[in-house]
Amino acid sequence: MKTQGTTVGVIGLGLIGCSLAIGLKKTGFAARVLGSDKREEHQQQALQAGHIDGIASPGQIARECDVVVVAVPVDASVEVVRDALDHSGERTTVIDVGSTKKRIVEALSAHPAHTRFIPTHPMAGTENSGPLAAVDGLLENRKVILLPYPDADPARVEQIERMYAMLGAQTVRMDAPRHDMSVAYVSHISHISSYALALTVLNKERDERNITNLAAGGFDSTVRLAKSSAEMWEPIFLENRKAILDVIDEYIENIVLFKHAIKSGNGEVIRTLIRQANKVREVLDKGKK
């Protein structure tokens, strides 16, 4: 499959879409990047910032581009990917970058051109959104999950693996059910916890000056994700609800353990819970190595 001199189309000009556009142009994977977004403001911002080389309709992107990146909210991604497959030819590879995978993988498995679709999930992002939030090098030293169909075109899979490698990322293969449960634990619950903490503080502490005066690094880093877009995360929570509800139940059990230990003044249990939680450092350090 062609890589150098590739024409790439990005449908959805938010943080991920524009960050990919920046990286693909910078590395030379893309000779030209066309962009499309349902918001005219996002199209103009991406164009003026130099993230994309031109604005085009989704249909035009499907017809003209070698690689189409679908970076829209997950509740819209199935239809956008289906349209891209419908309107593109044999030369075009289509990927998505959504945070949930089971529905889209199942929905498009019967599409006549499904072998040209490579589902992906870059494990990267920030709390910010929109074209101006794009980050150069967002995927450096990050993982990207690939979920190709069993009969996917091997050359296309290799093409997308090479694309992400050029962006500094490491690709990992996974099936859709395992992916959705895993991201519920390592990503989705983090956002729910952050939203819940922010709501708790805002409801209990009415004096904003106290929040700003007393907030230390721990609070700031914990609620950072609470700044994330509702338009992006509401469909993720609903689409992955089964896995997320399982995780929330487990999370509540651990909160209750802390509650009972603190209420009863049981320092031994508190220390035990904290030391058990400290083991996550070893897991994360192994991953970095």
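Now for a quick tour of the structure. (Residues numbered from 1 in each chain as written. Predicted model: local features only at pLDDT ≥ 70, side-chain atom pairs only at ≥ 80, totals over all residues. Heavy atoms only, no water.)

**Points about the nonpolar core**
Working step 1: If you look at the biggest cluster of nonpolar residues, it comprises 59 residues, and the most contacted ones within it are Val 8 and Tyr 164.
Working step 2: When sequence neighbours within four positions are dropped, the list of residues in contact with Tyr 164 reads Leu 20, Ile 95, Val 97, Thr 120, Pro 122, Leu 139, Val 144, Leu 146, Ala 169 and Thr 171.
Working step 3: Listed in part, the five residues of the second largest apolar core include Ala 184, Ile 189, Ala 243 and Val 247. (Core = buried A, V, L, I, M, F, W, Y, C linked by side-chain atoms within 4.5 Å. Buried < 20%, exposed > 50% of the residue type's maximum accessible area, 1.4 Å probe, protein only. Contact = heavy atoms within 4.5 Å.)

**Let's talk about helix H10 (residues 230-239)**
Working step 1: Among the residues of H10, those classed as buried are Trp 233, Pro 235 and Ile 236. Each buried residue of H10 lies within a common arc of 165 degrees when the element is viewed along its axis, so the set occupies one face.
Working step 2: Those residues of H10 that are buried lie in contact with helix H4 (74-87), helix H7 (176-204) and helix H11 (241-264). (Helix = DSSP H or I, 4+ residues; strand = E, 2+ residues; numbered from the N terminus. Arc of directions from axis to C-beta.)

**Brief notes about the packing of aromatic side chains**
Working step 1: Applying the stated criterion to the full structure yields three aromatic pairs.
Working step 2: Relative to Phe 237, the ring of Tyr 195 has its centre 6.2 Å away and its plane inclined at 85 degrees; by these criteria the two rings are edge-to-face. A residue pair is termed long-range when its members are at least 10 positions apart, and Tyr 195 in helix H7 and Phe 237 in helix H10 qualify at 42 residues.
Working step 3: Residue classification places Tyr 195 among the buried residues on the basis of a relative accessible area of 19%.
Working step 4: Here Trp 233 and Phe 237 contribute two aromatic rings whose centre-to-centre distance is 5.6 Å and whose plane-to-plane angle is 45 degrees, an arrangement assigned as tilted. Residue Trp 233 and its partner Phe 237 are both found in helix H10; the two are separated by four residues, about one turn of the helix.
Working step 5: Given a relative accessible area of 6%, Trp 233 falls into the buried group.
Working step 6: These aromatic residues form a ring-pair network of at least three members: Tyr 195, Trp 233 and Phe 237. (Phe/Tyr/Trp six-rings, centres within 6.5 Å; stacked < 30°, edge-to-face > 60°.)

**Here we look at the environment of Ile 244**
Working step 1: In this structure, Ile 244 sits in helix H11.
Working step 2: The contact partners of Ile 244, leaving out residues within four places of it in the chain, are Ala 184, His 188, Ile 192, Ile 236 and Phe 237.

**What about the pairing of strand S6 (residues 117-122)?**
Within a regular strand, the side chains alternate between the two sheet faces.
Working step 1: Most of S6 sits inside the fold, with six of its six residues counted as buried.
Working step 2: Direction of pairing for strand S5 (residues 93-96) relative to S6: parallel, over a ladder of three bridges. Within S6, the residue paired with Ile 95 across the bridge is Ile 118.
Working step 3: Pairing of S6 with strand S7 (residues 143-146), which is carried by three bridges, proceeds in the antiparallel orientation. Within S7, the position partnered with Pro 122 by the bridge is Val 144. (Pairing = 2+ DSSP bridges.)

**Description of unusual backbone geometry**
Working step 1: With a phi close to 60 degrees, Asn 141 is a non-glycine residue in the positive phi region.
Working step 2: With respect to the helices and strands, the residue Asn 141 is situated in the loop between S6 and S7.

It is worth stressing that arrangement in space is one thing and function is another; only the former is reported here.
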